[in-house]
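Observations on chain architecture
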Amino acid sequence: MISLVSACLLGLGFVAQQHAAYREPLGEILHPRLLLHLIRSRLWLTGIGLMLAGQIVSAVALYEDDLTKVGPLLATSLLFALTAAHVVYKEHLSRTEWLGAVLVSGGVALFLVFGQPHGGSSPGPDSARWLAVLLVVVIAAVLVLIGRRCALQVEASLLAGAAGILYGVQDVLTRGSLLRLREGTEVLAMSWQPYVLVGVALVGLLLGQSAFDAAPLRVSLPATTAAEPIVGIVLGIVIFSEKVRVTSGALAGEVIGLIAMVAGIFILGRSPFLAKSEQAAPPRSEPNPRTR
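A quick note: this is a predicted structure, and the numbers were derived from the prediction, not measured. (Residues numbered from 1 in each chain as written. Predicted model: local features only at pLDDT ≥ 70, side-chain atom pairs only at ≥ 80, totals over all residues. Heavy atoms only, no water.)

Details of the packing of helix H1 (residues 2-21) against helix H11 (residues 217-240)
Between H1 and H11, the shortest axis-to-axis distance is 11 Å and the interhelical angle comes to 140 degrees. The angle between H1 and H11 places the two elements in the oblique class. Taken as a pair, H1 and H11 cross one another with a handedness that is right-handed. Where H1 abuts H11, its residues Phe14, Val15 and Gln18 lie against Leu217, Ser220 and Leu221. (Axes fitted to C-alpha atoms, helices over the stretch in contact; angles between N-to-C directions. Helix = DSSP H or I, 4+ residues; strand = E, 2+ residues; numbered from the N terminus. Parallel < 35°, antiparallel > 145°, perpendicular 65-115°, else oblique. Left-handed = near helix turned anticlockwise from the far one by under 90°. Contact = heavy atoms within 4.5 Å.)

Following this line, the structure appears as structure tokens:
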């Protein structure tokens, strides 16, 4: 339940952030001044406030439960984003959107029912298992470098995917920091995780806002929503030794659930509700060979 509250806040926050960021000049993509300009927008600040509230609630969930349980539930943030758009524009959801919603929620349920995530332990700060974080960050960096050479909407998807990867890393570092906190504030202060967490959060924020600046939610949000739980599940198993059932039947259910979840996310991403900001935004005249 706590994870669903977090997903709701995150979804609403993403909608507000994207509506503000999409109005910024294209030349500010991946530039820190994008954040400096956005901080003047009340709508964007509202979105950031909702996102921060969602992350705090998510931290509470991660303190009490395993990452492999919390991560998939956060994928439902897109359902709340779509619901918010539906309320704002007062239009009915189509059968395709209902199908996407069923796939996302059903996929999450399948993974949790068949996988039954459990267990887990906190590795030491010097454990080699933390190298998995570095590998995942490198993958995110590669996506950004590839995106800079692509057409604008492809770049937006890749930046959004990289942001989602870093959000997943952020969840892992949050979980790690909270587990260190159980050992005392001095232990937490001497650990590297909370300091790296701040840096990862800032870079993830810049990537996410750049993706929102480059393309409407239907292009920029699905990749973020899909990448975060997948990274969280993988790193939860690798770093925290969290366990899922590995019988043939259970693995089949888990894989089908994750596939259904990702497919539902991208089906929902095609919703016209998530393209409304593109229609409402004022035209921007700066030259850019990578068209929208």
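Things to note about the packing of H1 against helix H4 (residues 67-74)
Running from N to C, H1 and H4 cross one another at 40 degrees; their axes reach a closest spacing of 8 Å. In this view, H1 runs oblique relative to H4, as classed from their interaxial angle. Pair H1 / H4 crosses with right-handed handedness. Across the interface between the two elements, Ser3, Leu4, Ser6, Ala7 and Leu10 of H1 pack against Val70, Leu73 and Leu74 of H4. Across the contact of H1 with H4, the residue classes tally to six nonpolar, two polar and no charged. (Nonpolar A, V, L, I, M, F, W, Y, C, P; charged D, E, K, R; others polar.)

Considerations on the layout of surface pockets
Quantified by volume, the largest pocket comes out at close to 210 Å³. Forming the boundary of the largest pocket are 15 residues, of which Gln55, Ile56, Ser58, Gln170 and Asp171 lie nearest the centre. Looking at the lining of the largest pocket, the elements with two or more residues in it are H1, helix H3 (42-64) and helix H8 (152-181). Looking at the lining of the largest pocket, its residues break down into nine nonpolar, four polar and two charged. (1 Å grid on protein atoms, 1.4 Å probe; cavity = no way out; pocket = protein on both sides within 12 Å on 5 of 7 lines; lining within 4 Å. Points joined across faces, edges and corners; volume = space filled by probe spheres on them.)

Considering a nonpolar patch on the surface
A cluster of nonpolar side chains, namely Leu131, Leu134, Val138, Val142 and Ile146, defines an oily patch on the protein surface of about 440 Å² accessible area. Relative to the helices and strands, Val138 resides in helix H7 (residues 131-147). Residue classification places Val138 among the partly exposed positions, given a relative accessible area of 44%. (Patch = residues over 30% accessible without salt bridge, like charges linked within 9 Å, V, L, I, M, F, W, Y side chains within 5 Å. Areas by Shrake-Rupley, 256 points an atom, 1.4 Å probe, with all protein chains shown as cover. Salt bridge = Lys/Arg side-chain N within 4 Å of Asp/Glu carboxyl O. Buried < 20%, exposed > 50% of the residue type's maximum accessible area, 1.4 Å probe, protein only.)

Side note on the packing of aromatic side chains
Geometry of an aromatic ring pair is reported as the spacing of the ring centres plus the angle between the planes. Per the counting criterion, the structure on display carries four aromatic pairs. Look at Phe14 and Phe212: their rings are 6.1 Å apart centre to centre, the planes differ by 65 degrees, and that puts the pair in the edge-to-face class. Of this pair, Phe14 sits in helix H1 while Phe212 is found in helix H10 (residues 193-214), placing the two residues 198 residues apart along the sequence. There is no split in this pair, since Phe14 and Phe212 are both buried. An angle of 90 degrees between the planes, with centres 5.8 Å apart, marks the rings of Trp130 and Phe240 as edge-to-face. (Phe/Tyr/Trp six-rings, centres within 6.5 Å; stacked < 30°, edge-to-face > 60°.)

Observations regarding the nonpolar core
Grouped together as the largest cluster of nonpolar side chains are 70 residues, with contacts concentrated most on Val169, Val172, Leu235 and Ile239. Per-element accounting of this core gives the leading share, 14 residues, to H8. Contact partners of Val169, with chain neighbours within four places excluded, come to Val133, Val136, Val137, Val200, Val231 and Leu235. (Core = buried A, V, L, I, M, F, W, Y, C linked by side-chain atoms within 4.5 Å.)

Structural notes on the pattern of salt bridges
Per the counting criterion, the structure on display carries three salt bridges. Between Arg33 and Glu28 there is a salt bridge, with its nearest N and O atoms 4.0 Å apart. With relative accessibility at 34%, the residue Arg33 sits in the partly exposed group. Among the ionic pairs, Glu155 bridges to Arg148, the shortest N-O distance being 2.5 Å. Accessibility expressed as a relative area gives 0% for Glu155, which makes it buried.

Some remarks on H3
Taking 1.5 Å as the rise per residue, H3 with 23 residues should run 33 Å; its terminal C-alpha atoms sit 33 Å apart, in good agreement. All of the buried residues in H3 are Trp44, Gly47, Ile48, Met51, Gly54, Ser58, Ala59, Ala61 and Leu62. Among the residues of H3, the N-terminal cap falls to Ser41, whose side-chain oxygen and the backbone nitrogen of Leu43 are separated by 3.4 Å. (Expected span 1.5 Å × (residues − 1). Polar contact = N/O pair within 3.5 Å; in protein donor to acceptor, adjacent residues only side chain to side chain.)

Focus: the environment of Gly100
Mapping Gly100 onto the fold places it in helix H6 (residues 95-115). On the accessibility criterion, Gly100 (0% relative accessible area) is buried. A C-alpha to C-alpha distance of 9.5 Å links Gly100 and Val262, two positions 162 residues apart in sequence. If we ignore the near neighbours within four places in the chain, the residues touching Gly100 are Gly264, Ile267 and Leu268.

Quick notes on H7
An ideal rise of 1.5 Å per residue puts 24 Å on 17 residues; H7 measures up with 25 Å between its terminal C-alpha atoms. Looking at H7, one finds that the buried residues are Ala132, Val133, Val136, Ala140, Val144 and Gly147. The buried residues of H7 occupy one face: seen down the axis, they fall within an arc of 130 degrees. Along H7, the residues that are exposed and aim more than 90 degrees away from the buried face are Leu131, Leu134, Leu135 and Leu145. (Arc of directions from axis to C-beta.)

With respect to unusual backbone geometry
With a phi angle near 65 degrees, Leu30 is a residue other than glycine that sits in the positive phi range. When its relative accessible area of 23% is taken as the criterion, Leu30 is described as partly exposed. We note that Ser241 has phi near 55 degrees; this positive angle belongs to a residue other than glycine.

Everything listed here is a matter of geometry and, on its own, says nothing about what the molecule does.
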